[in-house]
Amino acid sequence: MEDDEQPQWVAHVRSDGLHLQWHSLDEHLNKVSALAADFAAEFGAAPWAALAGIWHDLGKYREGFQRYIRQCGDPDAHIEGRVAGPEKTHSAAGALWAQQYLTEVDKRSGPVVARVLAYLIAGHHAGLDNWFGGLHERFNREDTIREKCDALAVAIPEAILKPSAGLPDLNAIRTDQKDNIPGRFALWVRMLFSCLVDADFLDTERFMSQGKAEARSGFMPVDELEKRLAERLTLMAQEVAARGEAGSQVNLKRAEVLRACLAKAELPPGVFSLTVPTGGGKTLSSLAFALRHAVRHGKRRVIYAIPYTSIIEQTAGIFRSIFGDENVIEHHSNVEVDDKQETARSRLACETWDAPLIVTTNVQLLESLFASRTSRCRKLHNLVGSVIVLDEAQLLPVPYLQPVVDVLRLLVKDYGVTLVLCTATQPTLESRNGFDQARQLRGFAAGEIREIVDDVTGLYGALERVRVHLPADLKTPCNWEQLAPQIAGHDAVLAVVGRRADARE
């Protein structure tokens, strides 16, 4: 809307160089509510996200906020905290209204629903906060209460203030007691928060930066990615055969690993391990599993997580050679600071992970799963219904192994994720008697992790590159006089010693 077509209430304002354009607050709340609900429907929580969306900017109805945003014409005026002033805040009013209204609707269930919505609405700018030491104190401040009262003093449309859908079902709440996995409720709240934040960002972007929405689309769908990979693998096999190398031990085993991956991809979703030694074709075989499994079971995307940026750049390069630069989203710290590696579309996809193939780091994935910031959490709901390949799974951070394993189990159990633990040196992540009894680690249930390769021991034997010769007595040290002739008997030797002084000697 132009200057002479101002809506009754304004959510955002932008300038096209000649005129100010106005974004209707009523329209924004309804669009965010619908979009957040669509996102949350993927894990059965659409009514919760719909309420959060319809009330998230309720504080913008305040007369002071409306006066300010109309007078300043600042495109950033809607960003809470960007500009100081008590009339500029708006994220608490909806949370306080949820407490008041839902308690009136149902004194038993209403406060429970309101508590969940309070986390989402009050944090949609600043990020998720604790209840005690955070939201509880904030909601009882005089200025926060005034924010709600000022908003309710306006004739807010009834359909926004009191939606007809009623209370969400409390049975949708994921509680920590189920399966004895801590953090279930926290992850569920964070997933809802992701739905709200992403919906808010996207609808605001649609108004503020028209054309960006189109730039987000156009990726090759998962089934086309699978066909493209199958064609490349067939061509590679033909080239190997043309060189007369198809019968070599290594190539026979690589073909065997690929066949196992394609066969096991048909199995029901869950947790898989792919244990393949170096040189066994692990990278492309694991991707073949992930893409075929995604197609067969309706998974929305494949997320390939790798611990090191050096490996991720190599892997992303391989994937780009198959699918094209435009169909592989590479998201890690090196890309974020190097504009040459980004395009407008890849930069947008990194914000949301809404592309079919994402190559990222463990840091990006795991920090998002435990984050409170809006920018980190925004992408979380796009993990739902995906295939996550954890390459070099043995490098999961040991100090945080318990919460990491817990959250991975929750993604599988609650959010339709298929997890692939891919490595040459598979970590022990199953619960068992005697497994780290001192720390009482909770792992995957016995038998929950299905190995893709049927004969791992045989595969390692066939691809053996190194033979280990142990001394007859491991308790008797070897001195320099004894060791020197052994070292001198070889052209190249790697000797590992305990101190720099030993190395110099």
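Parameters at a glance
Residues numbered from 1 in each chain as written. Predicted model: local features only at pLDDT ≥ 70, side-chain atom pairs only at ≥ 80, totals over all residues. Heavy atoms only, no water. Helix = DSSP H or I, 4+ residues; strand = E, 2+ residues; numbered from the N terminus. Buried < 20%, exposed > 50% of the residue type's maximum accessible area, 1.4 Å probe, protein only. Contact = heavy atoms within 4.5 Å. Pairing = 2+ DSSP bridges. Axes fitted to C-alpha atoms, helices over the stretch in contact; angles between N-to-C directions. Patch = residues over 30% accessible without salt bridge, like charges linked within 9 Å, V, L, I, M, F, W, Y side chains within 5 Å. Areas by Shrake-Rupley, 256 points an atom, 1.4 Å probe, with all protein chains shown as cover. Salt bridge = Lys/Arg side-chain N within 4 Å of Asp/Glu carboxyl O. Expected span 1.5 Å × (residues − 1). Phe/Tyr/Trp six-rings, centres within 6.5 Å; stacked < 30°, edge-to-face > 60°. Lys NZ or Arg CZ within 6 Å of the ring centre and 35° of its normal. Lys, Arg positive; Asp, Glu negative; His and termini not counted. Polar contact = N/O pair within 3.5 Å; in protein donor to acceptor, adjacent residues only side chain to side chain. Parallel < 35°, antiparallel > 145°, perpendicular 65-115°, else oblique. Left-handed = near helix turned anticlockwise from the far one by under 90°. Nonpolar A, V, L, I, M, F, W, Y, C, P; charged D, E, K, R; others polar.

### Here we look at the overall build of the protein
Inference 1: The secondary structure content of the protein amounts to 22 helices and nine strands.
Inference 2: Counting over 505 residues, the protein shows a buried share of 48%.
Inference 3: Taking the contacts inside the protein whose residues are at least 6 apart along the sequence as the reference set, 75% of them involve residues at least 24 apart.

### Quick notes on the sheet that holds strand S7 (residues 386–391)
Inference 1: Read from one edge of the open sheet, seven strands run S5-S6-S4-S7-S8-S3-S9, paired in parallel fashion. In this open sheet, the two edge strands, each paired with only one partner strand, are strand S5 (329–331) and strand S9 (449–451). The sheet shows a mean angle of 20° between the axes of neighbouring strands, direction not considered.
Inference 2: Bridge count between strand S4 (residues 301–306) and S7: five bridges; the pairing is parallel. Paired with Tyr304 across the two strands is Val389, which belongs to S7.
Inference 3: Sheet strands in contact with helix H13 (residues 282–297) are strand S3 (271–275), S4, strand S6 (357–361), S7 and strand S8 (418–423), and its direction is about 150° off that of S4.

### Structural notes on a nonpolar patch on the surface
Inference 1: Taken together, the side chains of Val466, Val468, Leu470 and Leu474 present a nonpolar region at the surface, about 480 Å² in accessible area.
Inference 2: Here Leu470 shows up in the loop between helix H20 (456–462) and helix H21 (480–488).

### Quick word on H13
Inference 1: In a regular helix each residue adds 1.5 Å, so 16 residues correspond to 22 Å; H13 covers 22 Å between its end C-alpha atoms and thus fits that length.
Inference 2: Regarding H13, the residues found buried are Lys282, Leu284, Ser285, Ser286, Leu287, Ala288, Phe289, Ala290, Leu291, His293 and Ala294.
Inference 3: Once H13 finishes, Gly298 follows within two positions and takes phi at roughly 70°, a positive value.

### Regarding the pattern of salt bridges
Inference 1: The final tally for this structure, using the stated rule, is 23 salt bridges.
Inference 2: One salt bridge in this structure joins Arg141 and Asp143, with 3.1 Å as the shortest N-O distance.
Inference 3: Measuring nitrogen to oxygen at the nearest pair gives 3.8 Å for the salt bridge that ties Arg174 to Asp414. Of this pair, Arg174 sits in the loop between helix H8 (158–161) and helix H9 (184–208) while Asp414 is found in helix H19 (residues 401–414), placing the two residues 240 residues apart along the sequence. Assigned by exposure class, Arg174 and Asp414 land together as buried.
Inference 4: It is possible to trace a salt-bridge network through shared partners that takes in Glu27, Lys31, Asp203 and Arg206.

### Some words on H9
Inference 1: Here H9 is 25 residues long and its end C-alpha atoms lie 36 Å apart, about the 36 Å a rise of 1.5 Å per residue gives.
Inference 2: Most of H9 sits out of view: 20 of its 25 residues are buried.

### Notes on the environment of Leu96
Inference 1: In this structure, Leu96 sits in helix H4 (residues 93–105).
Inference 2: Classification of Leu96 as buried rests on a relative accessible area of 8%.
Inference 3: Remark: the alpha-carbon pair of Leu96 and Lys148, spanning 52 residues in sequence, is separated by 6.6 Å.
Inference 4: In contact with Leu96, other than residues within four places in its own chain, are Phe139, Thr144, Ile145 and Lys148.

### What about unusual backbone geometry?
Inference 1: Phi at Glu392 is positive, roughly 50°, even though this residue is not glycine.
Inference 2: Turning to its location among the elements, Glu392 is positioned in the loop between S7 and H19.

### Description of the pairing of S6
Inference 1: Counting buried residues along S6, five of its five residues qualify, which places the element largely inside the surrounding structure.
Inference 2: Both faces of S6 are covered, namely the face carrying Leu357, Val359 and Thr361 and the face carrying Ile358 and Thr360.
Inference 3: Sheet analysis places S5 next to S6, joined by three bridges and oriented parallel. For Glu330, the partnering residue across the bridge sits in S6 and is Val359.

### Focus on the packing of aromatic side chains
Inference 1: What the rule picks out here adds up to ten aromatic pairs.
Inference 2: An angle of 35° between the planes, with centres 6.2 Å apart, marks the rings of Phe185 and Trp188 as tilted. Taken as a pair, Phe185 and Trp188 lie in helix H9 at a separation of three residues, close to a single helical turn.
Inference 3: Site record: aromatic cluster; members linked through ring pairs are Trp48, Phe185 and Trp188.
Inference 4: One Lys or Arg, Arg14, reaches over the ring of Phe207 and ends 4.6 Å from the middle of that ring.
Inference 5: Residue placement shows Arg115 over the ring face of Trp131; its charged tip is 3.7 Å from the ring centre.

### Section: the pairing of S3
Inference 1: In terms of residue burial, S3 counts as a mostly covered element, since five of its five residues are buried.
Inference 2: Taking every second residue as pointing to the same face, both faces of S3 are buried, with Val271, Ser273 and Thr275 on one and Phe272 and Leu274 on the other.
Inference 3: Strand direction decides the pairing type here: S3 and S8, joined by five bridges, are parallel. Residue pairing for S8: Val271 is matched across the bridge by Leu419.
Inference 4: Where S3 lies against S9, three bridges are found, and the strand directions are parallel. Bridging across to S9, Phe272 finds its partner in Arg450.

### Describing the side chain of Arg301
Inference 1: Its place among the elements puts Arg301 in strand S4.
Inference 2: Buried charge Arg301 goes without a salt bridge, the closest partner of opposite sign being Asp354 at 6.0 Å.
Inference 3: In this structure the side chain of Arg301 is engaged in a polar contact, spanning 2.9 Å, whose partner is the backbone oxygen of Asn382.
Inference 4: Apart from residues no more than four positions distant in its own chain, Arg301 is found in contact with Val222, Trp353, Asp354, Ala355, Pro356, Asn382, Gly385, Ser386 and Val387.

### Describing the packing of helix H1 (residues 25–40) against H9
Inference 1: Where H1 meets H9, the closest approach of the two axes is 8 Å, and the angle between their N-to-C directions is 135°. By the angle between their axes, H1 is oblique relative to H9. Read as a crossing pair, H1 and H9 show a hand that is right-handed. Together, Glu27, His28, Lys31, Val32, Leu35, Ala36, Phe39 and Ala40 of H1 and Leu192, Cys195, Leu196, Asp198, Ala199, Asp200, Leu202, Asp203, Thr204 and Arg206 of H9 make up the contact between the two elements.
Inference 2: Across the contact of H1 with H9, the residue classes break down as ten nonpolar, two polar and six charged.

### Looking at the environment of Ala165
Inference 1: With respect to the element layout, Ala165 can be found in the loop between H8 and H9.
Inference 2: Here the alpha-carbon distance between Ala165 and Pro47, two residues 118 residues apart in the chain, equals 7.8 Å.

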